[in-house]
Amino acid sequence: MFNIQRTFHYILITCVLILCLTYMTLVNNYNGYNHLQYQHTRKHKHISKVDLKSFLLSVQNYPNETDDCIYHDRENGLFHPTVKHPRYIITGGAGLVGSHLVKRLRQQYEADQIKVLDNLSRGRLHNLQYKDGTWAISTPRDFCLVDLRNIHLACKYITGADVIFHLANVVPNVNLSNSSYLLDNLRININTLYATQVNNISSMIYARRRSSLSTFSDKSDSSYYWYKRLKKYEDKLLRSHHFDIGIVRFQNVYGPYNDFTDTSDHIIESLIRKLLQSENNLFIIPEFGEQGRDFIYVADVVDSLMLTYEQGMNKGPIDVASGRSTSTKELTDIIRNVAKAKLGRKMKVIFEFSQVENNQEKIIDLSHANNILGWKAKVSLKEGISKTMIWMKENQHKPKILVIIIGQIRGGILAWKSLHKFFLRPFDAHLAFYISGFEIKTYLHEIAQYIWMEPEYDDWGIMFDMVAKACNNEKILGKWRNYCKLPGIYMGGVKNCSHDSHSSISYVFRWLLQQKIKKLQLLDKYDWFVLTRADELYLCQHYDFTTMIEDDVLLPTGEHYKGWSDRHLIGRSSVFMKIINITNELVCNPDYWYRKFKRNGRVYNIEQTQKFIWADMNLQVSELPRSMFIVRTQDDPASWSTGLFHPQLNHFGLKVKYPMELWSSHRHCKINNITNVLKSLRHYHGDILNDVISDYVE
């Protein structure tokens, strides 16, 4: 009996050890480069004894997590388990080549079969739209903002697909040294290759920029050493045969949807931009020479990527180019002639100085592209420049607008459809909403580009404490609660505070919104921001505010309750963070504002508080005609006004909350009977996704 018990005991211990070792192996394999068994490297100039594995896993300078991507599980990643195959992931999919590739794939596949990974350093969500305002993919569902320099994020999100098109890269600019961008690109490439391998993805189309060690001017620099080591490891992964791979090499790609606001890398877009911005028909070129570059149009590159996937897997690197070398002077002449033919502008070219260009670009061997893919460039330089110039002309002054809904989803389907029909679609504006405690999918989820969630709190004072800690001043912690001692309603929603309503939630979401805008660098992506609510019902198109640049804050006319309404705020990107900085002001400067409020002796609401603080900030406010008013459905929560009966609205199950706003909307829109407007909204379908693409539209 004793021997049986001892044997059973040994078996149990052995099983536990095996399970632990298996678990540790799985975790280690997922977390990074743990299959590498490099010993400590030799010292190289300024480098201490650090192994390659540690270098690759050093992610402290890169984002560690993203909470804005819809992630299902380790096997499927961003794909819902029911999504059919084949499934595609495009890294860098919001960039020039990537966005064109996404639209090409949409000719054959459903949107949910395509996922885009991009950190939006150069890419733009706008690139994933068609000319008619519809989208190639659903950005909340199919787009993931992620930094692939982080191995943990790469392994988490590069999974669940059958094919990876790897186009992500860091482009050099004036703020980034050659060595830095090369090392960052190698990190991205290695992380993507590694994630493809460990997550058992069957195929990768790998796009490479042509670069060499000659980029390093100082061979003794530590970056040069690491570049050589990383390059060797990258080549090792490329030859690993763990998955099918097609390698496409190209450079000097141009075309519509490039970031023409950045002139550091793309010479064609830079020259066109100079021409378009010229006010006296002088085309001033800072330099010229006879150095030849081979320029290739983006649609030709996309052709080569698709053909590589179909015919060029495991056949070595394939170079694609136009096969024609063009100097800066020749390029300038072509652009000038196109401007005359397409825009009717006759430009006089002035070269400020000439410099000798000795680094003649190598002639590209196109034999692989011709023989293996049957590929050759179709778009001439003149035709490509013409298409690019027309696109840039149409978009150079087009304002980029982000509409943001905060708080709660309410107002109902008619209000949400009116938002799309009368605001988002006419202005080609993007929508974000930042809400709490709402899990049911709505029409807003379908039309939004950003969806951010926050838990519902019984005591929103928890969030005010968080804001106070972010002020980095221990002396002010908890002082914000003194506002509850003053008469008013602007701190409602905080536990043990006498203020009514839930106005404090609006403050919290403004602060959260500031953090989100900083994290996603949205100030660089949009020209205008509109902070609004979900329960506004539009009777006609929103007033065009994009030319009103004299004042800081724009508000629709309406009921301001002796202050400035917080229900619909408009501001340029240069001042928007200041406009919504109310929460930081109240929490980080509690003594200053407490004394001011107490000395004034008023019973403050959120509108008066906002006006008081804006005046202190010297923000100038202007009003514009109102085209919308706030409604309430019977299911909407209400902590203040439950709404008023209106005979025409009642037929649609709605009440009006602010009658003066309804009257202002009637007057501006010149509509006496709103029944017909609401009936038309019932039947409005406003396409979001472009589901059937018959022809590829650039």
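Above this note sits the structure.
Because the structure is a prediction, the values reported are computed rather than measured.

Peer 1: I keep staring at the state of the cysteines and nothing clicks. Help me out?
Peer 2: Two cysteines whose sulfur atoms are joined by a covalent bond form what is called a disulfide. Going through the model one piece at a time under the given rule, you end up with 4 disulfides. Covalently, C69 is tied to C144 through a disulfide, its sulfur atoms 2.1 Å apart. Because the sign of the S-S torsion sets the handedness, a value of about 85° for the bond joining C69 and C144 places this disulfide among the right-handed ones. Note that C69 is positioned in the loop between α2 (52-57) and β1 (88-91) and C144 in strand β3 (residues 143-145), a separation of 75 residues in sequence. The disulfide bridge from C540 ends at C669, spanning 2.0 Å between sulfur atoms. Judged by the torsion about the S-S bond (-70°), the C540/C669 disulfide is left-handed. A residue pair is termed long-range when its members are at least 10 positions apart, and C540 in the loop between β18 (536-538) and β19 (553-556) and C669 in helix α22 (residues 659-669) qualify at 129 residues. A residue is classified by how much of its surface remains accessible, and C540, at 15% relative accessible area, is buried. Going through the chain in sequence order and numbering each bonded cysteine, the pairs you get are 1-2, 3-7, 4-5, 6-8.

Peer 1: Mind showing me how you'd approach the sheet that holds β18 here?
Peer 2: Each strand in a sheet pairs with its neighbour through backbone hydrogen bonds, running either in the same direction (parallel) or in the opposite one (antiparallel). An order of β18-β22-β23 is seen for the 3 strands of this open sheet, with the pairing classed as antiparallel. With partners counted over all chains shown, the strands left at the sheet margins are β18 and β23 (654-656), one partner each. For this sheet, the mean angle separating the axes of adjacent strands, direction not counted, is 50°. Its contacts with the sheet place α22 against β22 (628-633) and β23, and it is angled at close to 130° to β22.

Peer 1: Explain helix α13 (residues 413-427) to me, please; I cannot follow it from the model alone.
Peer 2: Helical geometry note: an α-helix holds 3.6 residues per turn, so side chains three or four residues apart project in the same direction. With 15 residues, α13 should cover 21 Å at 1.5 Å per step; its first-to-last C-alpha distance of 20 Å lies within 8% of that length. α13 sits mainly inside the fold: 11 of its 15 residues count as buried. Taken residue by residue, α13 has L414, A415, W416, K417, S418, L419, H420, F422, F423, L424 and F427 as its buried positions. Immediately downstream of α13, the backbone of D428 shows phi near 50°, a positive value.

Peer 1: When you look at the packing of aromatic side chains in this model, what are you seeing that I'm missing?
Peer 2: Each pair of aromatic rings is reported with the distance of its centres and the angle of its planes. In the structure shown here, the tally under the stated rule is 27 aromatic pairs. Aromatic side chains W528 and F545 sit 5.2 Å apart centroid to centroid with 70° between the ring planes, which places their arrangement in the edge-to-face category. Taken together, the residues W528 in strand β17 (residues 528-532) and F545 in the loop between β18 and β19 connect sequence positions 17 residues apart. Both residues of the pair, W528 and F545, count as buried. Centre to centre, the rings of Y561 and Y658 are 6.2 Å apart; their planes meet at 70°, and the pair counts as edge-to-face. Remark: Y658 occurs in the loop between β23 and α22 and Y561 occurs in the loop between β19 and β20 (569-572); sequence separation between them is 97 residues.

Peer 1: Honestly, the pattern of salt bridges in this entry has me stumped. Any pointers?
Peer 2: Once the charged atoms of two side chains with opposite charge are near each other, the side chains can pair. By the definition in use, this model includes 21 salt bridges. Residues K387 and E383 are paired through a salt bridge, measuring 3.5 Å at the closest nitrogen-oxygen approach. Of this pair, K387 and E383 are both found in helix α12 (residues 381-395), 4 residues apart, which corresponds to roughly one turn of the helix. In this structure, R567 engages E607 in a salt bridge whose closest nitrogen and oxygen atoms are separated by 3.5 Å. Within this pair, whereas R567 is found in the loop between β19 and β20, its partner E607 is found in helix α20 (residues 606-616), the two being separated by 40 residues in sequence. Each member of the pair, R567 as well as E607, is classed as buried. One connected set of salt bridges, linked through shared partners, spans R567, E607, R626 and E661.

Peer 1: Explain the sheet that holds strand β2 (residues 114-118) to me, please; I cannot follow it from the model alone.
Peer 2: The strand order across the open sheet formed by 7 strands is β3-β2-β1-β4-β5-β6-β11, and the pairing between neighbours is parallel. In this open sheet, the two strands that pair with only one neighbour each are β3 and β11 (317-319). Averaged over all neighbouring strand pairs, the angle between strand axes comes to 15°, with direction disregarded. Each of β1, β4 (163-166), β5 (203-208), β6 (244-249) and β11 touches helix α9 (residues 298-311); the most contacted strand, β6, lies at about 155° to it.

Peer 1: Help me out: how do you make sense of the environment of L539 in this one?
Peer 2: As for its placement among the helices and strands, L539 is situated in the loop between β18 and β19. Accessibility expressed as a relative area gives 2% for L539, which makes it buried. Those residues in contact with L539 that lie beyond four places of it in its chain are F422, S627, F629, S665, H666, C669, I671, I674 and V677.

Rules behind the numbers
- Residues numbered from 1 in each chain as written.
- Predicted model: local features only at pLDDT ≥ 70, side-chain atom pairs only at ≥ 80, totals over all residues.
- Heavy atoms only, no water.
- Disulfide = S-S within 2.5 Å.
- Helix = DSSP H or I, 4+ residues; strand = E, 2+ residues; numbered from the N terminus.
- Buried < 20%, exposed > 50% of the residue type's maximum accessible area, 1.4 Å probe, protein only.
- Pairing = 2+ DSSP bridges.
- Axes fitted to C-alpha atoms, helices over the stretch in contact; angles between N-to-C directions.
- Contact = heavy atoms within 4.5 Å.
- Expected span 1.5 Å × (residues − 1).
- Phe/Tyr/Trp six-rings, centres within 6.5 Å; stacked < 30°, edge-to-face > 60°.
- Salt bridge = Lys/Arg side-chain N within 4 Å of Asp/Glu carboxyl O.

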